[in-house]
Amino acid sequence: MQFTLEFVLFVIFGLGAIATAVLMITRKNPIMSAIFLVVNFFTVAVIYLLLKAQFIAIIQVLVYMGAIMVLFLFVIMLLNLQDEKKLSEQFTYKKITAVLLSILLAMLLGTTFWFGFSGKYLRLADTAEKLGTAESLGKLLFTVYSFPVIAAGMLLLAGIVGAVVLAKKKFD
Amino acid sequence: MNLWLFILMLSSCDIRFILLVLFLNLSLLLINIMIDINFYLILSAILFAIGVIGVLVRRNAIIIFMCIELMLNAVNISLVSFSSFLGNSSGQIFVFFVMTVAAAEAAIGLAIVISLFRNKETLNIDEINILKW
């Protein structure tokens, strides 16, 4: 209806997300691409806020930008990849085919979304603001989804043990 | 009003005036746009395709892991947008669990990368081909 602030923010941060993603996959230095991935996660967090999902946005900043990216940067620094020639990236017909097929995938998904959902859901639901709070999601997580929460905890425990075992120096 | 402006535009030969009218028409077009669910879904489709390009084209194992995180994020955008446009909070719960699995996957994957680098001194996935038939 109006030329709203929401639209302006969506355009700025959506284009920012796409630009940082493209920059991420084109950098030669892994540290630069990790930093661009952090910026990309930040723009995605802003898009979650535009969708009124506050809890998910905060979790995105804490978990992805805080924990996972620190892990990535830590591993990159640990491995000390000074020899970039070993990772030579040359153009072959395989890679060109892969890019073309990925563009085809994007167009396929885009046309499906465009013709499948155009004009059906024009605005956010009235309850969207209440749905995204930590209160409502926490209520659901501890009642309806209590078993999946326990399963996710077990998964994280298995992940910790597996990571320690895999990264150990020698099996005694 | 647009018709009058169009006739004026055709009748005048001033390039600045034509540009002004075109700009006005374009801004009128933009004013009528409102963000519905399509924009978010198409953004998520584009991000997903960029992640697929990264996984298929890059040869560095760490960058491939980062592209997988990018694809998980793209799917999360579409889940959250469905959740808030339809007024159902299951999508955001799913996003919570996807993030949990992504954290576990990143930890395991990076441990695998470290042990691979310890054994083969490389991260190029073309040279890591023990399991290839």
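Before any of the text, the structure's been laid out above.
Bear in mind that the values here come from a model prediction, so they are computed numbers and not experimental data.

(A) Spatial organisation of the pattern of salt bridges. Residue and element names in this part refer to chain B. Considering all chains together, one arrives at 2 salt bridges over all chains under this definition. Here arginine 59 makes a salt bridge to aspartate 126, at a shortest N to O gap of 3.1 Å. One end of the pair, arginine 59, is in the loop between helix 3 (37–57) and helix 4 (61–86); the other, aspartate 126, is in the segment after helix 5 (90–120), and 67 residues separate them in sequence.

(B) Representation of helix 7 (residues 146–167) of chain A within the structure. Taking 1.5 Å of rise per residue, the 22 residues of helix 7 of chain A would be expected to cover 32 Å, and the 32 Å separating its terminal C-alpha atoms lies within 8% of that figure. Residues Ala152, Gly159 and Ala163 of chain A constitute the buried set of helix 7 of chain A. Angularly, the buried residues of helix 7 of chain A cover 25° about the axis, an arc narrow enough to put them on a single face. For helix 7 of chain A, the exposed residues lying more than 90 degrees away from the buried face are Phe147, Ile150, Met154 and Val164 of chain A. Buried positions along helix 7 of chain A lie against helix 5 of chain B.

(C) Highlighting the interface of chain B and chain A. On the chain A side, the residues contacting the 75 residues of chain B number 82 residues. Summed over both partners, the interface of chain B with chain A comes to about 7400 Å²; 78% of that surface belongs to carbon and sulfur atoms. Inspection of the chain B/chain A interface yields 0 salt bridges. Scanning the region where chain B abuts chain A turns up 8 residue pairs in polar contact (both at pLDDT 80 or more). Secondary structure elements with two or more residues in the side of chain B that touches chain A: helix 2 (15–31), helix 3, helix 4 and helix 5 of chain B. Looking at the side of chain B that touches chain A element by element, the count peaks at 23 residues for helix 5 of chain B.

(D) Geometry of the packing of helix 2 (residues 30–50) of chain A against helix 4 of chain B. Helix 4 of chain B packs onto helix 2 of chain A with a crossing angle of 5° between their chain directions and a minimal axis gap of 11 Å. Between helix 2 of chain A and helix 4 of chain B, the interaxial angle falls into the category roughly parallel. Residues Pro30, Ser33, Ala34, Leu37, Asn40, Phe41, Val44, Ile47 and Tyr48 of chain A of helix 2 of chain A lie in contact with helix 4 of chain B, whose contacting residues are Ile63, Met66, Glu69, Leu70, Asn73, Asn76, Ile77 and Val80 of chain B. Split into classes, the residues belonging to the contact of helix 2 of chain A with helix 4 of chain B amount to 12 nonpolar, 4 polar and 1 charged.

(E) Fine view of the packing of aromatic side chains. Tallied over the full model, the rule gives 10 aromatic pairs over all chains. An angle of 25° between the planes, with centres 6.2 Å apart, marks the rings of phenylalanine 55 of chain A and phenylalanine 96 of chain B as stacked. Placement of phenylalanine 55 of chain A in helix 3 (residues 54–79) and of phenylalanine 96 of chain B in helix 5 is noted, with the two residues assigned to different chains. Taken together, a centroid distance of 5.9 Å and an interplanar angle of 55° make the contact between tyrosine 40 of chain B and phenylalanine 85 of chain B tilted.

What counts, and at which threshold
- Residues numbered from 1 in each chain as written.
- Chains lettered and ligands numbered in written order.
- Predicted model: local features only at pLDDT ≥ 70, side-chain atom pairs only at ≥ 80, totals over all residues.
- Heavy atoms only, no water.
- Salt bridge = Lys/Arg side-chain N within 4 Å of Asp/Glu carboxyl O.
- Helix = DSSP H or I, 4+ residues; strand = E, 2+ residues; numbered from the N terminus.
- Expected span 1.5 Å × (residues − 1).
- Buried < 20%, exposed > 50% of the residue type's maximum accessible area, 1.4 Å probe, protein only.
- Arc of directions from axis to C-beta.
- Contact = heavy atoms within 4.5 Å.
- Buried area = accessible area lost by both parts, 1.4 Å probe.
- Polar contact = N/O pair within 3.5 Å; in protein donor to acceptor, adjacent residues only side chain to side chain.
- Axes fitted to C-alpha atoms, helices over the stretch in contact; angles between N-to-C directions.
- Parallel < 35°, antiparallel > 145°, perpendicular 65-115°, else oblique.
- Nonpolar A, V, L, I, M, F, W, Y, C, P; charged D, E, K, R; others polar.
- Phe/Tyr/Trp six-rings, centres within 6.5 Å; stacked < 30°, edge-to-face > 60°.

Function cannot be inferred from these measures alone, as they are strictly geometric.
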